[in-house]
Amino acid sequence: MSQKTALVTGGLGGLGSAICERLGRAGHAVVTTYTSDKGRVAQWREHMQGCGAPSAYAAQCDVSDWDSCAAMAEEVRSQVGEVDILVNNAGITQDSSFKKMSHEGWDQVLRTNLDSVFNVTKQFADGMAERGWGRIINVASVNGRKGQFGQCNYAASKAGMHGFTMSLAREMARKGVTVNTVSPGYLATDMVMDMKEEVRQQIIETIPVQRLGEPDEIGSLIAYLASEDAGFITGANVDINGGLHME
Ligand code: CAA
């Protein structure tokens with residue numbers, strides 16, 4: 001396939017780096033955003049080059065902040081070029097029961113997980129439509145599909161992402177741009193490993209395939225959705241959760 005430029009937000013994290021790796025292996029130039037951990041950028045770039053990505057570029061950006069996203073987009077355009085594939089992957093959790101949830105805990109999660117989708121997509125969607133080709137993939141969660149004890153903020157943000165997906169998919173379909181949601185289940189990443197061991201074990205027992213997912217399994221699905229072959233898939237919410245939620 002022809003080389004495209006793919007931007008993955010939060011691409012230094014456990015899931016993000018696996019997504020970057022798969023897109024790099026598919027022959028795309030890879031760009032990531034990172035917040036503060038500049039120390040990991042050199043290692044990430046080396047890893048991407050080892051995977052065969054034609055180029056790898058990292059731009060500092062707070063995806064929850066509009067001005068930061070606008071500056072990042074300008075930097076990416078001047079340093080790398082136009083973005084053809086956008087993966088809105090950056091996200092955080094701040095789990096607590098609703099009874100204990102603070103306004104700050106609500107606000108930070110909604111701004112980072114959901115406002116970010118507007119802030120980043122807005123920078124690149126018009127360009128994709130003008131060029132007549134684009135792929136926008138929003139990384140949500142099984143818990144945006146089914147809800148989860150302790151995740152009113154996170155589940156609301158992830159369910160909101162798919163409302164955005166379906167609406168933008170309708171607006172962009174005639175322009176050659178697809179917009180999809182991927183809803184992963186529990187993966188072997190720091191986000192899940194940071195949970196209380198006993199809660200995590202209880203959850204694994206409820207997953208029909210009886211294991212956590214691998215980040216690479218999500219990366220592979222995203223690389224497919226980003227490919228030419230996936231041009232007829234738009235507005236979908238693709239579950240990849242080991243059977244934890246089915247509908
Ligand atoms: N299910 C049922 N009851 C629960 C519960 C649960 N998961 N968690 C807590 N409770 C109970 C408590 O035992 C307590 O009961 P009593 O009042 O009878 O003593 C009551 O609910 C109130 O609990 P608290 O407000 O004190 O909550 P807590 O501090 O004990 O636990 C929590 C809160 C840590 C968020 C816990 O609910 C939890 O770990 N939930 C799971 C969160 C989760 O799945 N996170 C996923 C992170 S990874 C991710 O999100 C990636 C992805 O996309 C999948």
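For the structure given in this document, a descriptive report is provided here. These numbers come from a predicted model, not from an experiment.

**Quick word on the overall build of the chain**
(1) Moving on: Scanning the chain for helices and strands turns up nine helices and seven strands.
(2) Moving on: For a compact globule of 247 residues, the expected C-alpha radius of gyration is about 18 Å, and the chain comes in at 17 Å, within 12% of that figure.
(3) Moving on: Across the 247 residues that make up the chain, the buried fraction comes to 50%.
(4) Moving on: When contacts within the chain are restricted to residue pairs at least 6 apart in sequence, those whose partners lie at least 24 apart make up 76%.
(5) Moving on: With an accessible surface of roughly 11,600 Å², the chain has 49% of that area assigned to carbon and sulfur atoms.
(6) Moving on: Here the chain contributes 22 positive and 29 negative side-chain charges, whose respective centroids are spaced 3 Å apart.

**A word on helix H1 (residues 14-25)**
(1) Moving on: Helix length check: H1 (12 residues) gives 17 Å between terminal C-alpha atoms against 16 Å at 1.5 Å per residue, within 8%.
(2) Moving on: For H1, the set of buried residues is Leu-15, Gly-16, Ala-18, Ile-19, Cys-20, Glu-21, Leu-23 and Gly-24.
(3) Moving on: Two residues or fewer past H1, Gly-27 is found with a positive phi of approximately 95°.

**Points about the pairing of strand E2 (residues 29-34)**
(1) Moving on: Across the six residues of E2, six count as buried, placing the element largely inside the fold.
(2) Moving on: Burial along E2 is two-sided: Ala-29, Val-31 and Thr-33 facing one way and Val-30, Thr-32 and Tyr-34 facing the other are all buried.
(3) Moving on: Following the chain from strand E1 (residues 5-8) across H1 to the adjacent parallel E2, one finds a crossover that is right-handed.
(4) Moving on: Note: E2 against strand E3 (residues 56-60), five bridges, orientation parallel. Along E3, the bridge assignment pairs Tyr-34 with Gln-60.

**What to know about the site of the ligand**
(1) Moving on: In the region of the ligand, 19 residues are neighbours, and Ser-97, Lys-100, Ser-141, Tyr-154 and Tyr-186 sit closest.
(2) Moving on: Interatomic distance of 2.7 Å between a side-chain N/O atom of Tyr-154 and an oxygen atom of the ligand.
(3) Moving on: Burial of the ligand by the protein amounts to 59% of the accessible area it has alone, namely 1,000 Å².
(4) Moving on: Residue assignment for the shell around the ligand shows that the elements contributing at least two residues are helix H7 (190-193) and helix H8 (197-205).
(5) Moving on: Across the shell around the ligand, the residue classes tally to eight nonpolar, nine polar and two charged.

**A look at the nonpolar core**
(1) Moving on: Of all hydrophobic cores here, the largest spans 28 residues; its most connected members are Ile-19, Leu-23, Trp-44, Val-87, Ile-137, Val-182 and Ile-222.
(2) Moving on: Only E1, H1, E2, helix H2 (41-50), E3, strand E4 (85-88), strand E5 (134-139) and helix H9 (215-225) provide two or more residues apiece to this core.
(3) Moving on: Considering every element that reaches this core, the biggest residue donor is H9, with five residues.
(4) Moving on: In contact with Ile-222, other than residues within four places in its own chain, are Ile-19, Val-87, Ile-137, Val-139 and Val-182.
(5) Moving on: In this structure, Val-31, Ala-73, Val-83 and Phe-124 belong to the second largest nonpolar core, which totals 22 residues.

**Details of the pattern of salt bridges**
(1) Moving on: Within this structure, the stated rule accounts for 11 salt bridges.
(2) Moving on: The partner of Arg-131 in a salt bridge is Glu-82, with the nearest N and O atoms 3.4 Å apart. Separated by 49 residues along the polypeptide, Arg-131 in helix H4 (residues 103-131) and Glu-82 in the loop between helix H3 (66-79) and E4 bring together distant segments of the chain.
(3) Moving on: For Glu-82, a relative accessible area of 36% corresponds to the partly exposed category.
(4) Moving on: The residue Glu-247 makes a salt bridge to Arg-145 at a minimum N-O spacing of 3.4 Å. On the criterion of sequence distance, the pair formed by Glu-247 in the segment after strand E7 (237-240) and Arg-145 in helix H5 (residues 142-146) is long-range, its members being 102 residues apart.
(5) Moving on: The exposure class assigned to Glu-247 is exposed, which follows from its relative accessible area of 74%.
(6) Moving on: Classification of Arg-145 by relative accessible area gives partly exposed; the value is 24%.
(7) Moving on: Through salt bridges that share partners, Arg-77, Glu-82, Asp-84 and Arg-131 make up one connected network.

**Description of the sheet that holds E1**
(1) Moving on: Read across the sheet, seven strands follow the order E3-E2-E1-E4-E5-E6-E7 without closing on themselves; strand pairing throughout is parallel. The open sheet has two edge strands, E3 and E7, and neither has a second partner. Here the average twist between neighbouring strands, direction ignored, is 20°.
(2) Moving on: Here four bridges tie E1 to E2, and the two strands are oriented parallel to one another. Its bridge partner being in E2, Leu-7 is matched across the sheet by Val-31.
(3) Moving on: Seen against the sheet, H1 touches E1, E2, E4, E5 and strand E6 (177-184) and runs at an angle of roughly 175° to E1.
(4) Moving on: Relative to E4, H4 is tilted by about 170°, and along the sheet it contacts E1, E4, E5 and E6.

Analysis parameters
Residue positions are counted from 1 within each chain, in the order its sequence is given. The model is predicted, so local features are restricted to residues of pLDDT at least 70 and side-chain atom pairs to those at 80 or more, both for listing and for counting; the totals for chains, interfaces and linings are taken over all residues. Note that water and hydrogens are dropped before the side-chain values are worked out from all heavy atoms of the structure. We count a stretch as a helix when DSSP gives it H or I for four or more residues in a row; a strand needs E for two or more, and each element gets its number in order from the N terminus. Here the globule rule reads 2.2 Å times residues to the power 0.38, and the radius of gyration is calculated from C-alpha atoms. For every residue, the accessible area obtained with a 1.4 Å probe (protein chains only) is divided by the maximum for its type, and the residue is called buried under 20%, exposed over 50%, and partly exposed between those limits. Every residue pair with non-hydrogen atoms within 4.5 Å of one another is taken to be in contact. For the area figures, the Shrake-Rupley method with a 1.4 Å probe applies, and any residue is considered shielded solely by the protein chains shown. Think of it this way: Lys and Arg go in the positive column, Asp and Glu in the negative one, and His and the chain ends go nowhere. One atom stands in for each charge, and that atom is NZ of Lys, CZ of Arg, CG of Asp or CD of Glu. To estimate how far a helix should extend, the number of its residues minus one is multiplied by 1.5 Å. Note on handedness: a crossover is taken as right-handed if, strands pointing away from the viewer, the path from the first strand over the helix to the second is clockwise. Being paired, for any two strands, means DSSP has found at least two bridges between them. Near is defined per residue: the residue qualifies when any heavy atom it owns lies within 4 Å of the molecule or strand. By the criterion applied in these results, polar contacts are pairs of N or O atoms within 3.5 Å in which, for protein atoms, one can donate a hydrogen and the other can accept it, and in which residues neighboring in sequence qualify only through two side-chain atoms. In this classification, the charged set is Asp, Glu, Lys and Arg, the nonpolar set is Ala, Val, Leu, Ile, Met, Phe, Trp, Tyr, Cys and Pro, and all remaining amino acids, among them Gly, are polar. For this analysis, a nonpolar core means a set of buried residues of the types Ala, Val, Leu, Ile, Met, Phe, Trp, Tyr and Cys, connected via side-chain atoms within 4.5 Å. One speaks of a salt bridge when a side-chain nitrogen belonging to Lys or Arg is within 4 Å of a carboxyl oxygen belonging to Asp or Glu. Every axis in this analysis is a line fitted to C-alpha atoms, fitted for helices over the stretch in contact. Angles between the N-to-C directions lie between 0 and 180 degrees.

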